[in-house]
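# Report on the structure
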Amino acid sequence: MTNEYHDLQILRAIREDVSQPSMAKEIGFSLGKVNFILKELIEKGFIKAENFIASNNRRKYRYLLTDDGIKEKMQLTQKFIERKRKEYEELQKELEQDRQKWGNIA
């Protein structure tokens, strides 16, 4: 999987109430991987992390997509859809070739 795919998964999982452990569980990444990607996306300016002021746990953050983050999420989503559409079309061609070669066995 590409870095773009990993970035997209994190950008899609961002909500104000999401924690890194819950994000990791939701998308199937390790906590360390989520932390690493989040730091990169924050450095790029795609995500803003704010401490919860009212929280007793000062290490707890709220993650927000920035305007650039929203644009990046949309671009990565479009690329993902295009890639999946090509894969689908290739599979359709392969299926048609198999049907022509072997007929409808199933």
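Quick summary incoming for the structure in this document.

## Here's the deal with the pattern of salt bridges
- This structure, assessed with the given rule, holds seven salt bridges.
- Note that Asp7 and Lys44 form a salt bridge whose closest N and O atoms lie 3.8 Å from each other. Here Asp7, found in helix 1 (residues 3-13), pairs with Lys44, found in the loop between helix 3 (31-43) and strand 1 (47-51); they are 37 residues apart in sequence, far enough to count as distant.
- Relative accessible area serves as the criterion here: at 48%, Lys44 is assigned to the partly exposed category.
- In this structure, the salt-bridge partner of Glu26 is Arg15, at a minimum N-O distance of 3.2 Å. Here the residue Glu26 occupies a position in helix 2 (residues 20-27), and Arg15 occupies one in the loop between helix 1 and helix 2, the gap between them amounting to 11 residues.

## A word on the environment of Ile42
- Its location among the elements puts Ile42 in helix 3.
- Separated by 22 residues in the primary sequence, Ile42 and Leu64 place their C-alpha atoms 9.8 Å from one another.
- Ignoring any residue separated from it by four or fewer positions in sequence, one finds Ile42 in contact with Ile47, Ala49 and Tyr63.

Definitions and limits used
Residues numbered from 1 in each chain as written. Predicted model: local features only at pLDDT ≥ 70, side-chain atom pairs only at ≥ 80, totals over all residues. Heavy atoms only, no water. Salt bridge = Lys/Arg side-chain N within 4 Å of Asp/Glu carboxyl O. Helix = DSSP H or I, 4+ residues; strand = E, 2+ residues; numbered from the N terminus. Buried < 20%, exposed > 50% of the residue type's maximum accessible area, 1.4 Å probe, protein only. Contact = heavy atoms within 4.5 Å.

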